Amino acid sequence: MAAPRCMRSFLAPAKRAKITHVPQPYTKALSRTKSSVADEDDEDSRDVRDSKLMDELKLDLENGVMPLDQRLEDLGIDPVEYKTLYASQQKVNRRQQKWEPQTREEAAKRWRRLQKEPDHLSLLKVYKRAGLEPIKLAEKREITLPTDKPPLDPATQKALEALRTPINVRAVHLRPLRRTPEHGVPVCDLQLRSYNVRNVMLFADFAVRAAYYMGLCARGPVPLPRITERWTVPRANFVFKKSQENFERITMRRLIQIQDGHSDVVKAWLAFLQKHQYHGVGMKANIWEYESLEDAMRAGYELKEDDYSRRREGPVMEKVKEILAGKGYKEAMEGFETKADVELRP
């Protein structure tokens, strides 16, 4: 009798594992047409051949012609892993058989012992009802458990206690530090916007911490009213106009204000935030710059050619001019010849 069709998936690996027999070539004429009766005959002959191959494979395995390792490799299984799992499973089975009672008397005896000796969880519940804490009581009576580690010597314990996490690392888990403004004059208003409240809160915390380490006095983040936008879009036209779909977008906003800060430091802070900008968070900044009253009164002052006193970098330019006119610089540049079209400027 031919093997059923459902067995062909199991017989297919057996064909690949066949190593003792030489495969026979199979040819089929393409130009010749066969009838349905011929197709049925081919299927029957194929089933018979598969059953014969299965019988031969069983005989090879029983006779030891094909070892277990070769069979596992043909099936795509690692022999070492298979033997390890098999040994572990056998060990578990032996332990389970040893633990299971063999007779009725052993089962009854084990049940009485379990009733007299409750598990650890039941004992903890009993202690809790009585108002006792076994761990604290053991520490009070200096009772050590077998799993407790031996105490360290005093020198090692003192060295471990001296090792502490740096303060800048511990500050990450605390609220950001802030500086107290002296005059309270606002110089920058930074507004953060995002559709996700987690992103905007994370970046606001980062901005406040960066302002502290750059010497700026920051206030905030102050939550601003949400911006809610809604749209109604028709899904179709003409007779299906009543089939519409609504969309909503909510924008979260936070405000950070910088007070009593230098304009250059504020610009550097904004550039730092723009470099490390978090995804999904937009920024908009309003900056105010203030000048002294003397600068406003000298608005019509006539500047000379080499006068740098009123410029912001005036002190630096005066220092450069002093260095260029110094004796040491002239001695260092004594044997150096410059090109005619090069002009040294302070």
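Residues numbered from 1 in each chain as written. Predicted model: local features only at pLDDT ≥ 70, side-chain atom pairs only at ≥ 80, totals over all residues. Heavy atoms only, no water.

Asker: Can you break down a nonpolar patch on the surface residue by residue, with the values?
Answerer: Taken together, the side chains of L68, L75, I77, Y82 and Y86 define a hydrophobic patch exposed on the protein surface, amounting to about 460 Å² of accessible area. Structurally, Y82 is set in helix α4 (residues 79-99). According to the relative accessible area criterion, Y82 is partly exposed, its value standing at 35%. (Patch = residues over 30% accessible without salt bridge, like charges linked within 9 Å, V, L, I, M, F, W, Y side chains within 5 Å. Areas by Shrake-Rupley, 256 points an atom, 1.4 Å probe, with all protein chains shown as cover. Salt bridge = Lys/Arg side-chain N within 4 Å of Asp/Glu carboxyl O. Helix = DSSP H or I, 4+ residues; strand = E, 2+ residues; numbered from the N terminus. Buried < 20%, exposed > 50% of the residue type's maximum accessible area, 1.4 Å probe, protein only.)

Asker: So what's going on with the confidence of the model for the chain? Which residues, and what values?
Answerer: The predicted model of the chain has a mean per-residue pLDDT of 77, with 75% of residues at 70 or higher. Taken element by element, the predicted model of the chain shows its lowest mean pLDDT in helix α1 (residues 8-16) (45) and its highest in strand β1 (residues 186-194) (94). In the model, residues 1-23 has pLDDT below 50 throughout and makes 22 contacts with residues more than four positions away in sequence or in other chains. (pLDDT = per-residue confidence, 0-100. Contact = heavy atoms within 4.5 Å.)

Asker: Tell me about a positive patch on the surface, and name the residues and values.
Answerer: Together, K109, R112, R113 and K116 make up a region of like positive charge exposed at the surface. Along the chain, the position of K116 falls in helix α5 (residues 104-116). By relative accessible area, K116 is classed as exposed at 70%. (Lys, Arg positive; Asp, Glu negative; His and termini not counted. Charge placed at Lys NZ, Arg CZ, Asp CG, Glu CD.)

Asker: Give me the pairing of strand β3 (residues 244-259): which residues, what numbers.
Answerer: Bridge count between β1 and β3: 8 bridges; the pairing is antiparallel. Its bridge partner being in β3, Q191 is matched across the sheet by L255. In this structure, strand β2 (residues 217-234) lies alongside β3, joined through 14 bridges in antiparallel fashion. By the bridge assignment for β3, T232 is matched with N246. (Pairing = 2+ DSSP bridges.)

Asker: Tell me about the sheet that holds β2, and name the residues and values.
Answerer: The 4 strands are arranged β2-β3-β1-β4 in an open sheet whose pairing can be described as antiparallel. Each end of this open sheet is capped by a strand with a single partner; those strands are β2 and β4 (281-287). Across the sheet, the axes of successive neighbouring strands diverge by a mean angle of 20 degrees, strand direction being ignored. In the sheet, β1 pairs with β4 via 7 bridges, with the strands oriented antiparallel. Each residue of the ladder has a partner; that of Q191, found in β4, is K284. Contacting β1, β2, β3 and β4, helix α10 (residues 197-213) runs over the sheet at an angle of about 10 degrees to β3. Its contacts with the sheet place helix α11 (residues 263-275) against β1, β3 and β4, and it is angled at close to 15 degrees to β1. (Axes fitted to C-alpha atoms, helices over the stretch in contact; angles between N-to-C directions.)

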